[in-house]
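The lines below spell out each chain.
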Amino acid sequence: RCVMFRNARGAEGLDGGVAVIAHGRISIYEVRGELQLIVDIVQPEGVGELQLRLEQLKLKLENEGLFEPSRKRPLPAFPERLGIVTSPTGSVWHDIQTVISRRYPLVELLLTPTPVQGDAAAPGIVEAFQALNELSDVDGVILARGGGSLEDLWPFNEEPVARAIYSSRAP
């Protein structure tokens, strides 16, 4: 048996008779003496292991308060210096420079180069945020990369990256 409460992730997309993958915790329902699974994440079978891992991480970080609305900091109306965490060779760096020069050329862009794909990406992103935290005059940070597959973008879903963003001194 399973029990799923209203706040369970993925419940809104379920149809009767669909095979699912469920994540939760085991409990004993003492009234009937039954073992049950209390579901906190559910998704149709075949969605994939990476998506399930992402949902589990989001739930963990949400429970720790990393997504609390009170944690959000206002963006400065007229920033003077923005930290950019991205690859210096990617087209996204060129795009950011182009758009900023056209829309708000007064801001200084401080590139903190890092790989944004592959095994070195997550540790590199964390190091880039740590380097920016050592500066006192950064008004905001942009973490960016171009498109890609879920696997290519996966470093942005790693727990150390989420914690680095949460720990950032600048919004």
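Preceding block: the structure.
Description of the structure in this document. (Residues numbered from 1 in each chain as written. Predicted model: local features only at pLDDT ≥ 70, side-chain atom pairs only at ≥ 80, totals over all residues. Heavy atoms only, no water.)

Here's the deal with the overall build of the chain
If you tally the helices and strands in the chain, you get five helices and six strands. Secondary structure elements of the chain occur, N-terminal to C-terminal, as β-β-β-α-β-α-β-α-β-α-α. Over its C-alpha trace the chain gives a radius of gyration of 21 Å, far above what one expects of a compact globule, namely 16 Å for 171 residues. C-alpha atoms of the chain, sized along the principal axes, occupy 65 × 30 × 30 Å. Taking all 171 residues of the chain together, the buried fraction comes to 33%. Taking all contacts inside the chain whose residues are at least 6 apart in sequence as the whole, residues at least 24 apart take part in 68%. Of the roughly 10,800 Å² that the chain leaves accessible, carbon and sulfur atoms contribute 53%. Looking at charge distribution, the chain has the averaged site of its 17 positive side-chain charges lying 5 Å from that of its 23 negative ones. (Helix = DSSP H or I, 4+ residues; strand = E, 2+ residues; numbered from the N terminus. Rg over C-alpha atoms; globule rule 2.2 N^0.38 Å. Buried < 20%, exposed > 50% of the residue type's maximum accessible area, 1.4 Å probe, protein only. Contact = heavy atoms within 4.5 Å. Areas by Shrake-Rupley, 256 points an atom, 1.4 Å probe, with all protein chains shown as cover. Lys, Arg positive; Asp, Glu negative; His and termini not counted. Charge placed at Lys NZ, Arg CZ, Asp CG, Glu CD.)

Details of the side chain of Arg9
Following the sequence through the fold, Arg9 ends up in strand 1 (residues 2-9). In terms of polar contacts, Arg9 uses its side chain to reach the side chain of Glu62, at 2.6 Å. Ignoring anything within four residues of it in the chain, the contact list for Arg9 reads Asp40, Ile41, Val42, Glu55, Lys58, Leu59 and Glu62. (Polar contact = N/O pair within 3.5 Å; in protein donor to acceptor, adjacent residues only side chain to side chain.)

Notes on the packing of helix 1 (residues 49-63) against helix 5 (residues 159-166)
Here helix 1 crosses helix 5 at 35°, and the two axes come no closer than 11 Å. Considering only the axes of helix 1 and helix 5, their crossing is right-handed. Contacts between helix 1 and helix 5 involve Leu57, Lys60 and Leu61 from the first element and Glu159, Ala162 and Arg163 from the second. Partitioning the contact of helix 1 with helix 5 into residue classes produces three nonpolar, no polar and three charged. (Axes fitted to C-alpha atoms, helices over the stretch in contact; angles between N-to-C directions. Left-handed = near helix turned anticlockwise from the far one by under 90°. Nonpolar A, V, L, I, M, F, W, Y, C, P; charged D, E, K, R; others polar.)

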